Amino acid sequence: MLRLSVTKTRFWLVNNPKAMDKNSPLWRKMRQQVLDRDNYTCRFCGVRSAKYMICDRLDRDSSHNDLDNLGITCPLCDSVRHCGQAGIRNFLSLGISKMLQKDINLRSLQLFSEARK
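Residues numbered from 1 in each chain as written. Predicted model: local features only at pLDDT ≥ 70, side-chain atom pairs only at ≥ 80, totals over all residues. Heavy atoms only, no water.

- In the nomenclature of an unreviewed UniProt entry, the protein chain is known as HNH nuclease domain-containing protein of Entomortierella chlamydospora.

**As for the pattern of salt bridges**
It is possible for side chains of opposite charge to pair when their charged atoms get near one another.
Reasoning step 1: Taken as a whole and assessed by the stated rule, the structure comprises two salt bridges.
Reasoning step 2: Across the pair Asp-38 and Arg-37 runs a salt bridge, and its minimum N-O distance is 2.8 Å.
Reasoning step 3: The class of Arg-37 is partly exposed, set by a relative accessible area of 45%.
Reasoning step 4: The salt bridge partner of Arg-43 is Asp-56, with a shortest N-O separation of 3.1 Å. One end of the pair, Arg-43, is in the loop between helix H2 (25–37) and strand E1 (54–57); the other, Asp-56, is in strand E1, with 13 residues separating them in the sequence. (Salt bridge = Lys/Arg side-chain N within 4 Å of Asp/Glu carboxyl O. Buried < 20%, exposed > 50% of the residue type's maximum accessible area, 1.4 Å probe, protein only. Helix = DSSP H or I, 4+ residues; strand = E, 2+ residues; numbered from the N terminus.)

**Looking at the side chain of Asn-105**
Reasoning step 1: Turning to its location among the elements, Asn-105 is positioned in helix H5 (residues 101–116).
Reasoning step 2: With near-sequence residues (within four places) excluded, Asn-105 lies in contact with Cys-45, Val-47, Cys-74, Leu-76 and Cys-77. (Contact = heavy atoms within 4.5 Å.)

**A look at unusual backbone geometry**
Reasoning step 1: With phi around 55 degrees, Asn-39 is a residue other than glycine that occupies positive phi space.
Reasoning step 2: Checked against the element boundaries, Asn-39 lands in the loop between H2 and E1.

**Looking at the nonpolar core**
Reasoning step 1: One finds Cys-42, Cys-45, Met-53, Cys-55, Leu-70, Ile-72 and Cys-74 to be the most contacted residues of the largest nonpolar core, which totals 15 residues.
Reasoning step 2: Those elements giving two or more residues to this core turn out to be H2 and strand E2 (70–73).
Reasoning step 3: Here this core gets four residues from one element, more than from any other, and that element is H2.
Reasoning step 4: In contact with Ile-72, not counting residues within four places along its chain, are Val-34, Leu-35, Asp-38, Tyr-40, Thr-41, Cys-42, Arg-43, Met-53, Ile-54 and Cys-55. (Core = buried A, V, L, I, M, F, W, Y, C linked by side-chain atoms within 4.5 Å.)

Listed below in structure tokens is the structure:
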């Protein structure tokens with residue numbers, strides 16, 4: 001299930017001394033472990049991709065870096081999960097659909113792919 005949410009600001013993350021730098025070797029190693037564990041599959045919609053998948057914390061606490069608190073999200077579901085950020089960047093439209101989130105994501109990816117050709 002996806003829920004629209006508001007998350008802590010970038011300011012909070014930068015100023016949290018326990019937050020792990022996402023460019024650090026340790027974070028990259030942990031991210032790869034989670035990608036492998038979750039088979040590069042979004043925990044919300046089930047879309048699988050070797051590129052662009054996001055590893056983040058299930059409880060949104062940037063200091064809680066246990067592997068069991070990390071999950072994989074595709075960019076489209078991440079946009080919904082962090083709708084405030086997506087709205088600021090002007091790439092999220094909200095609507096009601098009878099389609100499943102997975103089907104919406106697959107169709108969106110197909111359209112993006114066709115547009116690049």
